[in-house]
Amino acid sequence: MNELNNIENIFSSANRELPFDVPNGYFEDLPERIQNLCIEQQGLGTSKTGKASFAKMLKTQLSLAGGFIALAVIASIGFYFLRPTSIDNTPASKEYIQIVQKSIYNSDQIGSPTNKDSLKDNTKDEMFKHLIDDNSDFVTLMEKY
Amino acid sequence: MTHLSDKELLEMFRCDETKNYAFNLIVRKYQERLYWQIRKLVIQHDDSDDVMQNTFIKVWGGLDGFRGDSQLFTWLYRIATNEALTFLKKKKTKFMLPLVDYEQQLASTLESSPHINGTEIQLSLQKAILTLPEKQRLVFNMKYFDELKYDEISEILGTSVGALKASYHHAVKKIKKYFEES
């Protein structure tokens, strides 16, 4: 540690050496290894470029097709939910139809009585009233009824 | 080690028949200098080996475009330095650590990692260098260990000579302080 205390000694020429070493034969093998790696990379780079452009083209085409399919699916779903239905079976509309039918039936009952006897009575009374108002002959009236 | 000049090697590299051979010779010529430059930055041998491979793959891909405006050595040195710094940044990102923490981690591995040996003072100097900011560390390594001229360092790092001198001066001061305090 005394050595460290001498600051000037730190920068002496002896310390210009690095405290590192390399595995045996490293620099002998390195040029060959690098050469092979560069050639390999060059080959990979070429094929990668070709593959990359094909993949890019395929990706574009698939994206386009996917877009169309998605649009078709959305349109089908939309049509299914929004289409006009011929028979509406919802409870509210059933109830509405029943109310309308009932109203029509009631109004028919008011205008034209379905009971035959009451129809007869009503008609007779009306006819009598008509003949009396019209000063019809009583005989004729008797003959008729 | 080849005795061919850089110019001759580059001419050979540009010729298809001798391209691979020339590249092999370039690797042989500069591998050790580049390795030690990388090793000083990333410390571990395995990491240095990875960075060496990446460096030479870049060199292989870019050597055709090398116009010779600078020396081949400074061009290679610049690639190796950038690759080493990129490697350190990736490590920092991977471990979600600020760079200084990763370098502290490197300092702690100096005594236990394989292929690291040397005197106590050499190891302490490496630990002190790991406390420096990135630029000062680069400049100190190039000036002190590789004994490069400021002009060459300027060409490699793209920094002015004045700024490099200041960086080196600060680096030396910090290292001295580190030893004084320890």
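About the cut-offs
- Residues numbered from 1 in each chain as written.
- Chains lettered and ligands numbered in written order.
- Predicted model: local features only at pLDDT ≥ 70, side-chain atom pairs only at ≥ 80, totals over all residues.
- Heavy atoms only, no water.
- Patch = residues over 30% accessible without salt bridge, like charges linked within 9 Å, V, L, I, M, F, W, Y side chains within 5 Å.
- Areas by Shrake-Rupley, 256 points an atom, 1.4 Å probe, with all protein chains shown as cover.
- Salt bridge = Lys/Arg side-chain N within 4 Å of Asp/Glu carboxyl O.
- Lys, Arg positive; Asp, Glu negative; His and termini not counted.
- Charge placed at Lys NZ, Arg CZ, Asp CG, Glu CD.
- Helix = DSSP H or I, 4+ residues; strand = E, 2+ residues; numbered from the N terminus.
- Buried < 20%, exposed > 50% of the residue type's maximum accessible area, 1.4 Å probe, protein only.
- pLDDT = per-residue confidence, 0-100.
- Expected span 1.5 Å × (residues − 1).
- Polar contact = N/O pair within 3.5 Å; in protein donor to acceptor, adjacent residues only side chain to side chain.

**Quick notes on a negative patch on the surface**
Next, step 1: A surface patch of negative charge is lined by Glu-28, Asp-29 and Glu-32 of chain A together with Glu-32 of chain B.
Next, step 2: For the negative patch, the element with the most residues is helix 3 (residues 26-82) of chain A, which contributes three residues.
Next, step 3: With respect to the secondary-structure elements, Glu-32 of chain B resides in helix 2 (residues 19-42).
Next, step 4: On the basis of relative accessible area, Glu-32 of chain B is assigned to the partly exposed category, the value being 40%.

**A few points about the confidence of the model for chain A**
Where the model shows low pLDDT, its predicted coordinates should not be examined in detail.
Next, step 1: Confidence along chain A averages 73 in pLDDT terms, with 55% of residues attaining 70 or more.
Next, step 2: At the level of individual helices and strands, chain A shows its lowest average pLDDT in helix 1 (residues 2-5) of chain A, which scores 51, and its highest in helix 3 of chain A, which scores 79.

**Topic: helix 7 (residues 134-145) of chain B**
Residue and element names in this part refer to chain B.
Next, step 1: In this model, helix 7 (12 residues) spans 16 Å end to end at C-alpha, consistent with the 16 Å of a helix rising 1.5 Å per residue.
Next, step 2: The buried fraction of helix 7 is high, at nine of 12 residues.
Next, step 3: Among the residues making up helix 7, those that are buried are Gln-136, Arg-137, Leu-138, Val-139, Phe-140, Asn-141, Met-142, Tyr-144 and Phe-145.
Next, step 4: The first or second residue beyond helix 7 is Glu-147, which carries a positive phi of 55°.

**Topic: the pattern of salt bridges**
All names here are of chain B.
Next, step 1: The final tally for this structure, using the stated rule, is eight salt bridges over all chains.
Next, step 2: Linking Asp-6 and Lys-29 is a salt bridge whose minimum nitrogen-to-oxygen distance equals 2.8 Å. Taken together, the positions of Asp-6 in helix 1 (residues 6-14) and Lys-29 in helix 2 put the pair 23 residues apart, joining distant regions of the chain.
Next, step 3: A relative accessible area of 18% means that Lys-29 is categorised as buried.
Next, step 4: One salt bridge in this structure joins Asp-64 and Lys-19, with 3.0 Å as the shortest N-O distance. Linking Asp-64 in the loop between helix 3 (45-62) and helix 4 (72-94) with Lys-19 in helix 2, this pair joins segments that are 45 residues apart in sequence.

**Digging into the environment of Lys-29 of chain B**
Next, step 1: Sequence separation between Lys-29 of chain B and Asp-6 of chain B is 23 residues; the distance between their C-alpha atoms is 9.6 Å.
Next, step 2: At 3.2 Å, the side chain of Lys-29 of chain B forms a polar contact with the backbone oxygen of Leu-4 of chain B.

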